[in-house]
Amino acid sequence: MKPTSHPELSKKEMLAAVRAGRAAWERRLQELVEIPSVSGDPDRKRDVRRAAESAAQAIRDAGGDAKIVETGGHPLVHGRLRAGDGLPTVTVYNHIDVQPANEPEWKSEPFKLLRKGDTYVARGTTDDKGPALSALAGARLARERGVRANVHFLWELEEEIGSPNFERTIRAHKRELATGSVVVSDTVWVSRRQPACPAGLRGLQGFRISLETGATDQHSGTTGGAARNPVAELADLVAAMVDGRTGRVKIPGFYDDVVKPTRAELRDLARCGFTTAGFKKDHLLRSLRVDDPIEVMKRIWLMPTMEIHGIAGGYQGPGVKTVVPPRATAIVSCRLVPDMKASKIVALVRDFVRARCPDAVVRPEHALEPFRGRTTGSLPDAIRGAMKFAFGKEPVFVREGGSIGAVVSIEKVLRAPVHFLGLSLPEHGYHAPNENFDWRQAEGGMLAFASYFDRVARLG
Ligand code: BES
Ligand code: MN
Ligand code: MN
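In this text the structure is predicted, and so the values were computed from the model without any measurement.

Asker: Would you mind showing me how to read helix α13 (residues 439-459) here?
Answerer: Structurally, the α-helix is built with 3.6 residues per turn, so residues lying three or four positions apart point the same way. Spanning 21 residues, α13 covers 30 Å between terminal C-alpha atoms, matching the ideal 30 Å at 1.5 Å per step. The buried fraction of α13 amounts to 17 of the 21 residues, a majority that puts the element mostly inside the structure. Gly460 occupies a position one or two residues after α13 and carries a positive phi of about 80 degrees.

So this is what it looks like as structure tokens:
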């Protein structure tokens, strides 16, 4: 059924409404970021649930209905702002869980909202509570202006731990979650001046590799030389897997399924506005493996990686303690790009470790497949139009280096296309100390979402 038309949205009128609602929006953001919904911390389980309840309440206060969906782990929130039967439905995906915030460089309390002019500082402000609440405000704007589309919300609380229960849960609730399309707001622009939408996401395969060669610390004077040293062996193993200097993964076959970038993708890289200097500044990096901007972009968006997150074992304290330690662990993950398969990478790493160090134990963890998005068609065009309406500039579509487990599952289970309307900026500090979001992105985001829902409604 073709929806009958509703009035054109006025940017000026909506901006006035958004600005009048700023204090209320900030209170919501404050309430939500002050709940430390760290999904990876078992001691925060009750806080994660409280965050789900607060988020559901925010949807109800915006005029929708919302319920908590159990997953066996942390819950999901499903909300609806209904416009009527037979109208198009678009679902917004965000996550309301956050990373831990124990970095020593925080200048304020990570779970207390600090307002500095137009900037909001706290864990979760940009990843992903601020964008979630901006999308919700955008839905409300659209709703109140008679936009003839149903807007649903699917808010996850296990994104930051690899979405272990997401796919199973949405499969079990497939009928209630049915939707025409999904828009994800959990990604980053190239810069404040250059909006961007992902044309794809990298996948992720995590591992823990551990080695135990004894039972307790032993004196290196009495055992050293003959006793095996698990820290040294793991360091050796890790160095055999990846060249620390160049980042080149040395496991045979690792790059076999990597799809070469198309000419169009390379052209988009060249004109997307990325600079190496800006990248270094935004991420506080002193030097890089390469400086050519195209090379940097290829490495962070188009190529797979193996990253060593930590190697633990042995003595770390003050003074002199000359032990041979009994065990060590390395935490490792690989970012994957189309057409790599997580299961194949697990097999490659397992076989490699087995051949080199047979008594090391490889435990695969979270597996997220890479995602290839669409950049042409009516919905990507609606996103282009909505961003241009709100921010005055069309987004570039370039691939994105991060991973969002839910995306592949949504397309597979709900059979609805997934598109992206992210609002975060590189300098907002994803997963970093002093994470922040800002009113300009929030306000523009509200308008962009309202405009997107309007465009989806007009597509019918
Ligand atoms: N919002 C990010 C994903 C992201 C990162 C998109 C960078 C665009 C650019 C998401 O919250 C995230 O951090 N995902 C994790 C998943 C992991 C912890 C299982 C990631 O990518 O490491
Ligand atoms: Mn996120
Ligand atoms: Mn994140």
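Now, onward.
Asker: Mind showing me how you'd approach the sheet that holds strand β1 (residues 65-69) here?
Answerer: The pairing of strands in a sheet comes from backbone hydrogen bonds and takes either a parallel or an antiparallel form. Spatially, six strands are ordered β1-β2-β6-β3-β7-β17 in an open sheet, and the strand pairing comes out mixed. Whereas interior strands pair on both sides, the edge strands pair on one side only; in this sheet they are β1 and β17 (418-420). Each strand axis lies, on average, 25 degrees off the axis of its neighbour in the sheet, ignoring direction. Both strand β3 (residues 89-95) and strand β6 (residues 150-156) contribute to a ladder of seven bridges, which runs parallel. Among the inter-strand pairings, Thr91 is bridged to a residue of β6, identified as His152. Across the face of the sheet, helix α3 (residues 45-61) comes into contact with β1, β2 (76-81) and β6 while running at roughly 160 degrees to β1.

Asker: For this particular structure, what's the right way to read the nonpolar core?
Answerer: One broad rule of soluble globular proteins: the nonpolar side chains tend to lie buried together. Among the nonpolar cores identified, the biggest contains 116 residues, and Ala55, Leu136, Tyr452 and Phe453 are the most heavily contacted of them. Element by element, the count of residues in this core is highest for α13, at ten residues. Structurally, this core is a two-domain feature, drawing no fewer than three residues from each of domain 1 (11-201 + 370-459) and domain 2 (203-258 + 303-368). When neighbours within four sequence positions are excluded, Leu136 is seen to be in contact with Ala58, Ile59, Ala62 and Phe153.

Asker: Just checking my understanding: could you explain the domain arrangement of the chain for this structure?
Answerer: By a widely used convention, the size of an interface equals the accessible area lost when the partners come together. The domain architecture assigned to the chain consists of domain 1 (11-201 + 370-459) and domain 2 (203-258 + 303-368). Each of domain 1 and domain 2 was reduced to a C-alpha centroid, and the two centroids are 35 Å apart. If you look at the interface, domain 1 gives eight residues, while domain 2 gives nine residues. Of the residues contributing to the side of domain 1 that touches domain 2, the split by class is two nonpolar, five polar and one charged.

Asker: What am I meant to see in the pairing of strand β9 (residues 203-212) here?
Answerer: A regular strand places its side chains so that they alternate between the two faces of the sheet. Summarising the sheet, β9 and strand β13 (residues 327-336) pair through ten bridges and their orientation is antiparallel. Each residue of the ladder has a partner; that of Leu211, found in β13, is Ala328. Bridge count for β9 against strand β14 (residues 361-368) is six bridges, and the pairing is antiparallel. Looking across to β14, one finds that Phe207 is bridged to Pro364.

Conventions used here
- Residues numbered from 1 in each chain as written.
- Chains lettered and ligands numbered in written order.
- Predicted model: local features only at pLDDT ≥ 70, side-chain atom pairs only at ≥ 80, totals over all residues.
- Helix = DSSP H or I, 4+ residues; strand = E, 2+ residues; numbered from the N terminus.
- Expected span 1.5 Å × (residues − 1).
- Buried ≥ 20, exposed ≤ 12 C-beta atoms within 10 Å, placed from the backbone.
- Pairing = 2+ DSSP bridges.
- Axes fitted to C-alpha atoms, helices over the stretch in contact; angles between N-to-C directions.
- Contact = placed C-beta atoms within 7 Å.
- Core = buried A, V, L, I, M, F, W, Y, C linked by C-beta atoms within 7 Å.
- Domains from an automatic or database assignment.
- Nonpolar A, V, L, I, M, F, W, Y, C, P; charged D, E, K, R; others polar.

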